[in-house]
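This is what each chain is made of:
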Amino acid sequence: MSETIYEPLPGGCSWVTGGGTRTAVKLSRSWQRPLAECFKQSACPIETKPQEPIVLPDIPEEWLLLPNPMTPHRRHRLVVPARCWVAEDLQILGGEAAIVSALKIVRIATTNDDVEMAAFMHVGQLAGQNMWHPHWHLKEVRVREPLEVIGWQSSERFIVGTEEFAIYAEGIRAGQCLVVPKRRTVFTAPNIQKLAKLLSDFISRMNEKWKSTEGLPPEFSMVIRLAPDHTFRYASYYPILNHWGAPEYVMAPFEQGPFTLPWPHEVTAAYLRS
Ligand SMILES: [Zn+2]
């Protein structure tokens, strides 16, 4: 038994609890299926239905920016490669060059979006993916209080850093990470290059570190948050390493109760640093 924790996340909107007997990383995920088995790939809606891409200058070749007219979200578009990827490519968001291309389109597409925006890709159904064709959602986010974490630090939760960014274990899920800018960072082409390299290297490492005892890399999501002044707020990576119960589905959303961590973020950080 170790000490138990009960603490707010950065931003103060949610709480986490953990510790006690829940202190060790667990890698068994008997419930997870291989990525490619989860989808019927025969009728890709992106490739089989006629698309009317949004035309903007400098969209990278082999990529499309698509409108999303039936969405409940504001300014919701999809950033997609022209062709489907194999599972191995999806597992790494297509690799560094593909991340650069996608984020470049995000930059071009948000030129006139002077509001809170997010771009995110879900990898695997448990992480929120509902169509096999890889797609970055790009949309306005309606939040009560935008998260301000420029220069945020936590020595016990530090995983890896560069001159511009640092990655910490933080969030409501075990294995969730927060990528914070060390200083104000405008979402320019050079900064996108640096961020994409960091995220690409990080995802490859996470695919190894979180490989299940059954042999599968994790399903996960990568989220990029942009401020109305076109600066990079933060990014968050969350792998699906465990499942939620009543505290997370009911008391957390209705009454701001804590999310239960199956092991503490400090344990995640130490494991990922090793
Ligand atoms: Zn497709």
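Calculation notes
- Residues numbered from 1 in each chain as written.
- Predicted model: local features only at pLDDT ≥ 70, side-chain atom pairs only at ≥ 80, totals over all residues.
- Helix = DSSP H or I, 4+ residues; strand = E, 2+ residues; numbered from the N terminus.
- Rg over C-alpha atoms; globule rule 2.2 N^0.38 Å.
- Buried ≥ 20, exposed ≤ 12 C-beta atoms within 10 Å, placed from the backbone.
- Contact = placed C-beta atoms within 7 Å.
- Pairing = 2+ DSSP bridges.
- Axes fitted to C-alpha atoms, helices over the stretch in contact; angles between N-to-C directions.

**Looking at the overall build of the protein**
Step number 1: A count of helices and strands for the protein gives 6 helices and 12 strands.
Step number 2: Computed over its C-alpha atoms, the radius of gyration of the protein comes to 19 Å, within 12% of the 19 Å expected for a compact globule of 274 residues.
Step number 3: Expressed along its principal axes, the backbone C-alpha trace of the protein runs to roughly 60 × 40 × 35 Å.
Step number 4: Relative to its 274 residues, the protein shows a buried fraction of 34%.
Step number 5: In the protein, of all internal contacts separated by at least 6 residues, the share reaching a separation of at least 24 is 66%.

**Examining the sheet that holds strand β9 (residues 177-181)**
Step number 1: Pairing is antiparallel across the open sheet formed by 9 strands, whose spatial order is β3-β4-β6-β5-β10-β11-β9-β8-β7. Two strands lie at the open edges of the sheet, namely β3 (63-67) and β7 (158-161), each paired on one side alone. Pairwise comparison of adjacent strand axes, ignoring direction, gives a mean angle of 20° for this sheet.
Step number 2: Its contacts with the sheet put helix α3 (residues 96-109) on β3, β4 (77-81), β5 (117-123), β6 (136-140) and β10 (220-226), and the angle it makes with β4 is roughly 150°.
Step number 3: Across the sheet, helix α6 (residues 265-273) is in contact with β7 and β8 (165-169); its angle to β7 comes to roughly 45°.

**As for α6**
Step number 1: Taken together, the buried positions of α6 are His-265, Val-267, Thr-268, Ala-269 and Leu-272.
Step number 2: Elements that come into contact with the buried residues of α6 comprise β7, β8 and α4 (189-209).

**What about the pairing of β4?**
Step number 1: The element β4 is extensively covered by neighbouring structure, given that 5 of its 5 residues are classed as buried.
Step number 2: Judged by which residues are buried, β4 turns out to be covered on both faces: Arg-77, Val-79 and Pro-81 on one side and Leu-78 and Val-80 on the other are all buried.
Step number 3: Both β3 and β4 contribute to a ladder of 5 bridges, which runs antiparallel. Residue pairing for β4: Pro-67 is matched across the bridge by Arg-77.
Step number 4: Where β4 meets β6, 3 bridges bridge the pair, whose relative direction is antiparallel. Bridge pairing in β6 links Val-79 to Trp-136.

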